[in-house]
Amino acid sequence: MTFELLLAAFIMAVGLSIAGSGTYAYQWLRGEQAMLRYDGKTWLGMMGHLFMSFVCGPYIMLQMGWRHEDNGTMSLSSVLIAAMVAFGWSFITGLFFLGFYLAIFD
């Protein structure tokens, strides 16, 4: 039981670290704020934004949960829902990249 929980935590950590580093790399290279989007001037640009949203989505969701309300406070329900979605999404992202890594290098 402990091994499975630690494996799930490791997969989420890999997914969240890839999402965070991908978000900052995208913002550094493109010079614009990373956000969940699927628009683009061309079909290839649209697919690039969609892929970026899939990879960087968990980190963007965590940032969206920490946004302040109009009166300067944070909504606890917004933080909890964003964290739940982000960690579930980071599990999927981590599973995708670990599976890709093991398929290529193992």
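Preceding this paragraph is the structure being described.
The text that follows walks through the structure, step by step, so that each part is easy to find. Every chain's residues receive numbers from 1 upward, in the order its sequence appears when written. Two thresholds apply to this predicted model, a pLDDT of at least 70 for residue-level local features and 80 or more for giving and counting side-chain atom pairs, whereas whole-chain, interface and lining totals are computed over all residues. Note that water and hydrogens are dropped before the side-chain values are worked out from all heavy atoms of the structure.

**Focus: the nonpolar core**
It is characteristic of soluble globular proteins that their nonpolar side chains tend to be buried jointly.
Stage number 1. Ranked by size, the top nonpolar core spans 6 residues in total: Tyr26, Ala34, Met52, Val55, Cys56 and Ile60.
Stage number 2. At 4 residues, helix 2 (residues 43-65) tops the list of elements feeding residues into this core.
Stage number 3. Here a residue-residue contact requires only that any non-hydrogen atoms of the pair lie within 4.5 Å. Ignoring sequence-local partners within four residues, the contact set of Cys56 consists of Ala19, Gly22 and Thr23.
Stage number 4. Side-chain atoms within 4.5 Å are what join buried Ala, Val, Leu, Ile, Met, Phe, Trp, Tyr and Cys residues into a set we call a nonpolar core. Accessibility here uses a 1.4 Å probe with only protein chains present; expressed as a share of the type maximum, an area under 20% marks a residue as buried, one over 50% as exposed, and anything in between as partly exposed. Core analysis: the next-biggest nonpolar cluster, separate from the first, contains 5 residues, Leu16, Leu62, Ala82 and Ala86 among them. Where helices and strands are cited, they refer to DSSP runs of H or I of at least four residues and of E of at least two residues respectively, numbered from the N terminus.

**As for the packing of aromatic side chains**
Stage number 1. Centres within 6.5 Å are what make two rings of Phe, Tyr or Trp a pair, Trp counting through its six-membered ring; a difference in plane orientation under 30 degrees is then read as stacked, over 60 as edge-to-face, and the rest as tilted. Tallied over the entire structure, the rule returns 4 aromatic pairs.
Stage number 2. Ring geometry for Phe96 against Phe97: centres 5.3 Å apart, planes inclined by 85°, an arrangement best described as edge-to-face.
Stage number 3. Aromatic ring contacts, followed pair by pair, group Phe54, Phe96 and Phe97 into a single cluster.

**Looking at a nonpolar patch on the surface**
Stage number 1. A cluster of nonpolar side chains, contributed by Tyr38, Trp43, Leu44, Met47 and Leu50, occupies part of the molecular surface with about 620 Å² of accessible area.
Stage number 2. Tracing the backbone through its elements, the reader meets Tyr38 in the loop between helix 1 (2-30) and helix 2. Patch definition: residues above 30% relative accessible area lacking any salt bridge, with like charges linked at up to 9 Å and the nonpolar side chains Val, Leu, Ile, Met, Phe, Trp and Tyr linked at up to 5 Å. Per-residue accessibility takes into account occlusion by the displayed protein chains alone, with areas from the Shrake-Rupley method and a 1.4 Å probe. Throughout this description, the term salt bridge denotes a Lys or Arg side-chain nitrogen within 4 Å of a carboxyl oxygen of Asp or Glu.

**Structural notes on the side chain of Ser90**
Stage number 1. Following the sequence through the fold, Ser90 ends up in helix 3 (residues 76-105).
Stage number 2. Under the relative-accessibility criterion, Ser90 is labelled buried at 0%.
Stage number 3. When sequence neighbours within four positions are dropped, the list of residues in contact with Ser90 reads Ile11, Met12, Gly15, Leu16 and Pro58.

**Comments concerning the packing of helix 1 against helix 3**
Stage number 1. Packing of helix 1 against helix 3 brings their axes to within 7 Å, and their N-to-C directions diverge by 90°. Relative to helix 3, the element helix 1 is oriented roughly perpendicular. Between helix 1, through Ala8, Phe10, Ile11, Met12, Val14, Gly15, Leu16 and Ile18, and helix 3, the contact on the second element is made entirely by Phe87, Ser90, Phe91, Thr93, Gly94, Leu95, Phe97 and Leu98.
Stage number 2. Residue classes follow a fixed rule: Ala, Val, Leu, Ile, Met, Phe, Trp, Tyr, Cys and Pro count as nonpolar, while Asp, Glu, Lys and Arg count as charged, and any other residue, Gly among them, counts as polar. Grouping the amino acids of the contact of helix 1 with helix 3 by side-chain chemistry returns 12 nonpolar, 4 polar and no charged. The convention used is that axes are lines fitted to C-alpha atoms, helices contributing only their stretch in contact, and that angles between N-to-C directions extend from 0 to 180 degrees. Geometric relationships in this document are graded by angle, where less than 35 degrees denotes roughly parallel, more than 145 denotes roughly antiparallel, 65 to 115 denotes roughly perpendicular, and other angles denote oblique.

**Comments concerning the environment of Ile60**
Stage number 1. Mapped onto the secondary structure, Ile60 falls in helix 2.
Stage number 2. The class of Ile60 is buried, set by a relative accessible area of 3%.
Stage number 3. Once residues lying within four places of it in the same chain are set aside, the contact partners of Ile60 are Thr23, Ala34, Met35 and Leu36.

**Some remarks on the side chain of Thr23**
Stage number 1. Mapped onto the elements, Thr23 comes out in helix 1.
Stage number 2. Judged by its relative accessible area of 0%, Thr23 is buried.
Stage number 3. With residues up to four places along the chain from it excluded, the contact list for Thr23 reads Ala34, Cys56, Tyr59 and Ile60.

By themselves, these figures tell us nothing about what the structure is for.
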